[in-house]
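# Residue-level structure breakdown
So the chains spell out like this:
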Amino acid sequence: MEKSRVAVVVEGLIEEFSISEDRALSFKEVISRFRLSRHHKTVRALEDITFSISRQESVGLIGANGSGKSTLLRCIAGILPPTRGNVLVAGSISSLIELGAGFHLELTGRENVLLAGALFGLTRAQLDEKFDAIVDFAEVREEIDQPIRSYSSGMYVRLGFSLAVHVEPNIFLIDEVLAVGDEHFQRKCIRRIGEMNEQGVTIIFVSHDLGLVKKVCRRCILLHEGRLAEDGEPEAVINAYLRLID
Amino acid sequence: MQNHESDRVIDELRPPGGSSLVPPMEILRVLVLKELKVKYKRSILGFLWSLVTPIALAAVYLFVFVYVYKVGQEDYVKFLLAGILPWHAFNLSLLAGTTSFVDNGPTIRKVYFPRILLPVSIIIANMVNFLMVLALFSLVVVITGFPLWLHFHWVVLALLLQSLLSVGVVLTLSVWNVYLRDIQQLISIFLMVLFFATPIVYDLSLVPTAFRPFILANPLTSVMQMYRAGLVTGVAPDLGVILLGALESLVILALGYWVFARLSPHLAKEV
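This report concerns the structure included in the present document. (Residues numbered from 1 in each chain as written. Chains lettered and ligands numbered in written order. Predicted model: local features only at pLDDT ≥ 70, side-chain atom pairs only at ≥ 80, totals over all residues. Heavy atoms only, no water.)

Attention now moves to the overall build of chain B. Assigned secondary structure in chain B consists of 13 helices and one strand. Across chain B, helices and strands are ordered from the amino to the carboxyl terminus as α-β-α-α-α-α-α-α-α-α-α-α-α-α. For chain B, with 271 residues in total, the buried portion stands at 50%. The contacts in chain B between residues at least 6 apart in sequence include a share of 78% that link residues at least 24 apart. Of the roughly 12,700 Å² that chain B leaves accessible, carbon and sulfur atoms contribute 72%. Mean positive and mean negative side-chain charge positions of chain B (18 and 14 charges, respectively) differ by 8 Å. (Helix = DSSP H or I, 4+ residues; strand = E, 2+ residues; numbered from the N terminus. Buried < 20%, exposed > 50% of the residue type's maximum accessible area, 1.4 Å probe, protein only. Contact = heavy atoms within 4.5 Å. Areas by Shrake-Rupley, 256 points an atom, 1.4 Å probe, with all protein chains shown as cover. Lys, Arg positive; Asp, Glu negative; His and termini not counted. Charge placed at Lys NZ, Arg CZ, Asp CG, Glu CD.)

Here is the structure:
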């Protein structure tokens, strides 16, 4: 594989969370967090994950609840620092971990597009250029100057999604958000993701909807209890997953 | 279709933090605007609250000192306001800044952006708001005959020092508060003590010698002395006090950044 064609490299990634609900940290630990993990019980969400993804691939991440899919996606997004190992990416990233992340209920749809847009990675010029497209894609033209607390959940979700699919990242991470929205909107979104992919965007897609994964992805990675269990053709990996559940 | 700028850097493999196309300053601008917009949403008085609260506080002290104890000094109303108005801004910055990560937990867990922008945006929004208050107060000061333009450099320095100090304290407290929620309870007590440990409702010269070192060691004292000089008295404050305050503020800022740099990568896991 030519080096310049690599989009995401994950090497020996281990991700631990400390579980410290029973006890508050001592003041000394809070000040500096020296060797914090030594004194804490930790759970391993990801256990030595290694793989790489080339540019313009569309990869589905599947696995049971708690298998580490979302954690892996958040590590690639840079939200979680690796406990051990490396995550490297080439180019810009946009992640859609939750629809409406970064939205503020008291602000209008317009204000929220500008706010969340910047957090999602849309530059000011891009926002100016695409504002109408974002509003029309979300089908909220009439309500765009109302506070989004007055939006129906469908409108809220459509606006969040529309914003995310108008980002122009090199790598686009999507976590289980297509299940929301009606059939019509879902199809529109899948078409849009396909277009982005054709234009060169690398897609990493987490979903429990295996049919959707087959439709969107040409490669599939199966996580099982924090380990990488399978990696390959969607058909084969999905079958492996189904066998695993049985 | 990728733009050319991203094509140039696309071959370089880097850690994912900071892989957004949006420059941090742009994110900061958007966050500050959000703070300013949200602050007075669904409020009738809106911006006027930035005046009403400190004026009410000043009225209470005016009543206690001038009418009950009868100890007021010349220009006591202006003297009080020149201290209470900036104090109010400092107070709000610390309160909102300290809880900024806890308040925005969902956003932090789900979107990557440089974390430092969140508390800093809250302080900038409060300072912008305070600048409007200060503009109004300056107008009053000029109308009552004070040659503000001769002493305004003190106000500028005070604003600078107040901002540095706010950022330094808030960087530390905001991340600590994620691990130890006691901080957000302690902060109100801390602020109450600080209010009286700073020459806001009294003049520094009235402080008994025994307590003076404590008051002088407080970096906010030099901030207040400069506001007084620039807005009320026109008399240059003691340079030693100012330099000490400036030095302390820089140390607090450096410490704040150090604590923040150590703890902030873990925010998404802990908040």
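When its secondary structure is counted, chain A shows eight helices and nine strands. The proportion of buried residues among the 246 residues of chain A is 56%. Put simply, 72% of the contacts in chain A that link residues at least 6 apart link residues at least 24 apart. Put simply, chain A shows about 10,800 Å² of open surface, and 47% of that area lies on carbon and sulfur atoms.

Residues and elements named next belong to chain A. Judged by pairing direction, the sheet is mixed, and its six strands sit side by side in the order S5-S6-S7-S3-S8-S9 without closing on themselves. Two strands close off the open sheet at either side, each with one partner strand: strand S5 (93–96) and strand S9 (227–232). When strand polarity is set aside, the average angle formed by the axes of neighbouring strands in this sheet is 15°. Sitting on the sheet, helix H2 (residues 69–77) touches strand S3 (58–62), S5, strand S6 (171–175), strand S7 (202–206) and strand S8 (219–224), and the angle it makes with S6 is about 150°. (Pairing = 2+ DSSP bridges. Axes fitted to C-alpha atoms, helices over the stretch in contact; angles between N-to-C directions.)

This brings us to the sheet that holds strand S4 (residues 84–90) of chain A. In spatial order, the strands read S2(A)-S1(A)-S4(A)-S1(B); together these four strands make up an open sheet with antiparallel pairing. A strand with exactly one partner marks an edge of an open sheet, and here the two such strands are strand S2 (41–54) of chain A together with strand S1 (13–14) of chain B. With five bridges connecting them, strand S1 (residues 6–19) of chain A and S4(A) associate as antiparallel partners. Within S4(A), the residue paired with Val10(A) across the bridge is Val87(A). Each of S1, S2 and S4 of chain A touches H2(A); the most contacted strand, S1(A), lies at about 120° to it.

Each full turn of the α-helix corresponds to 3.6 residues, which orients residues three or four apart in the same direction. All names here are of chain A. The end-to-end C-alpha distance of helix H6 (residues 183–198) is 23 Å, a good match for the 22 Å that 16 residues give at a rise of 1.5 Å each. Taken as a whole, H6 has its buried residues at Phe185, Gln186, Lys188, Cys189, Ile190, Arg192, Ile193, Met196 and Asn197. On its buried side, H6 packs onto S3, helix H4 (124–138), helix H5 (153–165), S6, S7 and helix H7 (210–216). In the stretch just after H6, Gly200 is the one whose phi turns positive, near 110°. (Expected span 1.5 Å × (residues − 1).)

In a disulfide, the sulfur atoms of two cysteines are held together by a covalent bond. Residue and element names in this part refer to chain A. Scanning the entire structure with this criterion turns up zero disulfides over all chains. Among the cysteines around Cys189, which has no disulfide bond, Cys217 carries the closest sulfur, lying 15 Å off. When its relative accessible area of 1% is taken as the criterion, Cys189 is described as buried. Cys220 forms no disulfide, and the closest cysteine sulfur to it belongs to Cys217, at a distance of 6.1 Å. (Disulfide = S-S within 2.5 Å.)

All names here are of chain A. With 13 residues, H5 should reach 18 Å at 1.5 Å per residue; the first-to-last C-alpha distance of 18 Å fits that figure. Burial analysis of H5 places ten of its 13 residues in the buried class, the great majority of the element. In the core, the buried residues of H5 are packed alongside S5, helix H3 (109–120), H4, S6 and H6.

On to the pattern of salt bridges. The full count for this structure, using the stated rule, is 20 salt bridges over all chains. Residues Lys269(B) and Glu15(A) are paired through a salt bridge, measuring 3.2 Å at the closest nitrogen-oxygen approach. Residue Lys269(B) is located in helix H13 (residues 267–270), and its partner Glu15(A) is located in strand S1; the two belong to separate chains. The class of Glu15(A) is buried, set by a relative accessible area of 0%. Among the ionic pairs, Lys214(A) bridges to Glu235(A), the shortest N-O distance being 3.7 Å. Placement of Lys214(A) in helix H7 and of Glu235(A) in helix H8 (residues 234–245) is noted, with a sequence separation of 21 residues between them. (Salt bridge = Lys/Arg side-chain N within 4 Å of Asp/Glu carboxyl O.)

The next thing to look at is the interface of chain A and chain B. With 57 residues of chain A at the interface, the matching set in chain B holds 48 residues. For the pairing of chain A and chain B, the buried interface totals around 4,800 Å² over both sides, and the portion due to carbon and sulfur atoms is 61%. At the surface where chain A touches chain B, the tally comes to three salt bridges. Viewed at the interface, chain B and chain A are joined by six residue pairs in polar contact (both at pLDDT 80 or more). Mapped by element, the contributors of at least two residues to the side of chain A that touches chain B are S1, helix H1 (27–32), H2, S4, S5, H3 and H4 of chain A. In terms of residues, the side of chain A that touches chain B owes the most to one element, S1(A), which gives seven residues. The sheet contact formed by S4(A) and S1(B) spans two bridges and is antiparallel. Of the residues in S1(B), the one forming a bridge with Val89(A) is Arg14(B). (Buried area = accessible area lost by both parts, 1.4 Å probe. Polar contact = N/O pair within 3.5 Å; in protein donor to acceptor, adjacent residues only side chain to side chain.)

Residue and element names in this part refer to chain A. Two elements in contact, H4 and H6, have axes whose closest approach is 11 Å; the angle formed by their N-to-C orientations is 140°. Between H4 and H6, the crossing angle belongs to the class labelled oblique. Here Asp136, Phe137 and Ala138 of H4 lie close against H6, whose contacting residues are Phe185, Lys188, Cys189 and Arg192. (Parallel < 35°, antiparallel > 145°, perpendicular 65-115°, else oblique.)

Here we take up the nonpolar core. Residues Val8(A), Ile76(A), Trp87(B), Phe130(B), Val201(B), Tyr227(B) and Leu231(B) are the most contacted members of the largest nonpolar core, which totals 113 residues. For this core, the leading source of residues is helix H8 (residues 148–179) of chain B, giving 16 residues. (Core = buried A, V, L, I, M, F, W, Y, C linked by side-chain atoms within 4.5 Å.)

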